[in-house]
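Report on the structure
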Amino acid sequence: MASIFSRIIAGEIPCYKVAEDDRFFAFLDINPLAKGHTLVVPKQEVDYIFDLSDDDLAAMHVFAKHVALAIGKAFPCRKVGEAVLGLEVPHAHIHLVPMQSERDMLFSNPKLQLTDEEFRAVAAAIREAL
Ligand code: AMP
């Protein structure tokens, strides 16, 4: 069965899309640690990120870099942090989270509750900064 992220990429499940190319897809995390929290996923469905080929892993990070720079422009922060967990969804993904301090990267923090309108505005702001 396709992963939830493959179904998002296929357009079967809605998301707040930020960017896409032939190999990668970026969309907002539905339980954000901060406004701008974005997931970058390969279209190829691989569970463990370190099972990707060297080329795909490198290209995924270059794609994530462009998205991260746009997040930083849209949501000024000290840095955009990158994290890989993958314990919940078995489809490799990079979390990009705007940070003011180290604590902003704690996945045990309470998540933001954003409205549909707010999610749309966040995604649009990042897309405009790309
Ligand atoms: P992890 O696999 O531990 O890196 O966590 C998976 C992440 O995917 C969590 O931060 C979830 O909030 C996020 N997530 C799960 N389902 C969706 C979805 N349908 N749309 C956006 N984000 C999702």
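Presented here is a report on the structure given in the accompanying data block. Keep in mind that what you see is a predicted model, and the values were worked out from it rather than measured.

1. Topic: the overall build of the protein
- For the protein, the count of helices and strands is 3 helices and 5 strands.
- In the protein, the succession of helices and strands from N to C terminus is α-β-β-β-α-β-β-α.
- Here the C-alpha radius of gyration of the protein, 14 Å, is about what a compact globule of 130 residues would show, namely 14 Å.
- Principal-axis analysis of the C-alpha atoms places the extent of the protein at approximately 35 × 30 × 30 Å.
- Classification of the 130 residues of the protein by burial places 43% in the buried group.
- Summarising the internal contacts of the protein: among those between residues at least 6 apart in sequence, 59% fall at separations of at least 24.

2. What to know about helix α3 (residues 116-129)
- With 14 residues, α3 extends 20 Å between its outermost C-alpha atoms, agreeing within 8% with the 20 Å of an ideal straight helix rising 1.5 Å per residue.
- Those residues of α3 that are buried lie in contact with β1 (17-20), β2 (24-28), β3 (38-42) and α2 (54-74).

3. Remarks on the site of the ligand
- If you check the shell around the ligand, you find 16 residues, and the closest are D29, N31, E88, H93 and H95.
- In the environment of the ligand, an oxygen atom lies 2.9 Å from a nitrogen or oxygen atom belonging to the backbone of E88.
- Here an oxygen atom of the ligand sits 2.9 Å away from a polar atom, N or O, in the main chain of V89.
- For the ligand, the protein covers 88% of the area, taking 500 Å² as the surface of the free molecule.
- Given that more than half its atoms are within 2 Å of the pocket grid, the ligand belongs to the largest pocket.
- For the shell around the ligand, the secondary-structure elements that each account for two or more residues are α1 (4-9) and β2.
- Here the shell around the ligand gets 3 residues from one element, more than from any other, and that element is α1.

4. Some points on the side chain of T38
- As for its position among the elements, T38 is in strand β3.
- In this structure T38 comes out as buried when scored by relative accessible area, which is 0%.
- Separated by 2.7 Å, the side chain of T38 and the backbone oxygen of G36 make a polar contact.
- If we ignore the near neighbours within four places in the chain, the residues touching T38 are V18, A26, F27, L28, D29, V67, I71, I94, H95, L96 and I126.

5. Let's talk about α2
- The end-to-end C-alpha separation of α2 is 30 Å, in line with the 30 Å expected for 21 residues at 1.5 Å each.
- Turning to α2, its buried residues number three or more, namely D56, A59, M60, F63, A64, V67, A68, A70 and I71.
- Tucked inside the fold, the buried residues of α2 contact β1, β2, β3, β4 (79-83), β5 (94-99) and α3.

6. Observations regarding the pairing of β1
- Pairing of β1 with β2, which is carried by 3 bridges, proceeds in the antiparallel orientation. Within β2, the position partnered with E20 by the bridge is F25.
- From the end of β1 to the start of β2, which pair antiparallel, there are 3 residues.

Cut-off values and rules
- Residues numbered from 1 in each chain as written.
- Predicted model: local features only at pLDDT ≥ 70, side-chain atom pairs only at ≥ 80, totals over all residues.
- Heavy atoms only, no water.
- Helix = DSSP H or I, 4+ residues; strand = E, 2+ residues; numbered from the N terminus.
- Rg over C-alpha atoms; globule rule 2.2 N^0.38 Å.
- Buried < 20%, exposed > 50% of the residue type's maximum accessible area, 1.4 Å probe, protein only.
- Contact = heavy atoms within 4.5 Å.
- Expected span 1.5 Å × (residues − 1).
- Near = heavy atom within 4 Å.
- Polar contact = N/O pair within 3.5 Å; in protein donor to acceptor, adjacent residues only side chain to side chain.
- Areas by Shrake-Rupley, 256 points an atom, 1.4 Å probe, with all protein chains shown as cover.
- 1 Å grid on protein atoms, 1.4 Å probe; cavity = no way out; pocket = protein on both sides within 12 Å on 5 of 7 lines; lining within 4 Å.
- Sits in = over half its atoms within 2 Å of the grid points.
- Pairing = 2+ DSSP bridges.

So, to be careful, I would describe these as geometric facts and stop short of saying anything about function.
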